[in-house]
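As a plain string of letters, each chain reads:
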Amino acid sequence: MSEVPNGVFEREGTPSFLRQLARKRSSAERCELCSVELAPAHQHLLEQKTRQIVCACDGCVVLFCGQAGAHFLRIPRRIRALADFHMTDMQWESLMIPINLAFFYRDGGANRMVAMYPSPAGATESLLSLESWEEIAAENEALQAMESDVEALLVNRIGQASKYFIVPIDECYRLVGLIRMHWKGLSGGTEVWTEIHNFFASLESRSVGREQVPSA
């Protein structure tokens, strides 16, 4: 496993974006493309080359996304809880993730799967066994429908009941930001584990369903 260098981490979500997601907003946010004031619930875009996430108004989403050669991808809002997801302990161990919390997305530019896990220092990349991932993907159709770059499989194997979600990529960096902000000492402290619990409870409440594959 290798920790993502600072420069790469800044591209993988950007620290300023993480702080905005993790803290309570003290003032109205603005579109990072046209500066118009945004509502508390607004859209996010992913700049493909730098992987920078930006806040955007609906107008800029229409203007900058969906066209040939567009620099931005719209990050979807849908959250899917995968109640029937199948992964054995042996399969998880084969992915070589050092903790029981991680997310996986396909890098469309490099055409490869990326495995990341949150840490007190930020997002860290773990070397991913492609053979192991392909075995898991073959057994779970939902993974084959994930949008490259902007959707991720988020895995929480902390505690007795493992939970699996397909989420917008910004939710993964929201979790990274929460852990960075609230981690204390060697074990993290009570506060960070409460934040993690609340984060996943929120995902559950906002999930569009608990099916493995969304209905057509």
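Everything below is about the structure shown above.
Here's a quick rundown of the structure. (Residues numbered from 1 in each chain as written. Predicted model: local features only at pLDDT ≥ 70, side-chain atom pairs only at ≥ 80, totals over all residues. Heavy atoms only, no water.)

**A closer look at the sheet that holds strand S9 (residues 163–168)**
Here's step 1: The six strands are arranged S4-S9-S8-S5-S6-S7 in an open sheet whose pairing can be described as antiparallel. A single partner strand is all that each edge strand has here, and the edge strands are strand S4 (80–81) and strand S7 (122–126).
Here's step 2: Pairing geometry for S4 and S9, over two bridges, is antiparallel. Opposite Arg 80, over in S9, you have Ile 166 as the bridge partner.
Here's step 3: Along the sheet, helix H8 (residues 189–206) makes contact with S4, strand S5 (101–107), strand S8 (151–156) and S9, crossing S9 at roughly 75°. (Pairing = 2+ DSSP bridges. Helix = DSSP H or I, 4+ residues; strand = E, 2+ residues; numbered from the N terminus. Contact = heavy atoms within 4.5 Å. Axes fitted to C-alpha atoms, helices over the stretch in contact; angles between N-to-C directions.)

**Notes on a nonpolar patch on the surface**
Here's step 1: A surface patch of nonpolar side chains, about 240 Å² in accessible area, is lined by Leu 33, Leu 63 and Phe 64.
Here's step 2: Here Leu 63 is to be found in helix H3 (residues 58–64). (Patch = residues over 30% accessible without salt bridge, like charges linked within 9 Å, V, L, I, M, F, W, Y side chains within 5 Å. Areas by Shrake-Rupley, 256 points an atom, 1.4 Å probe, with all protein chains shown as cover. Salt bridge = Lys/Arg side-chain N within 4 Å of Asp/Glu carboxyl O.)

**Comments concerning the sheet that holds strand S1 (residues 43–47)**
Here's step 1: The three strands are arranged S2-S1-S3 in an open sheet whose pairing can be described as antiparallel. Here the strands that pair on one side only, and so sit at the sheet edges, are strand S2 (53–56) and strand S3 (72–74). Here the strands of the sheet are splayed against their neighbours by 35° on average, with no regard to which way each runs.
Here's step 2: Where S1 lies against S3, three bridges are found, and the strand directions are antiparallel. Pairing of Leu 45 across the sheet is with Arg 74, part of S3.

**Digging into the environment of Leu 128**
Here's step 1: Mapped onto the secondary structure, Leu 128 falls in the loop between S7 and helix H5 (130–139).
Here's step 2: Each residue touching Leu 128, except ones within four places of it in the same chain, is listed here: Leu 95, Phe 104, Met 113, Val 114, Ala 115 and Trp 133.

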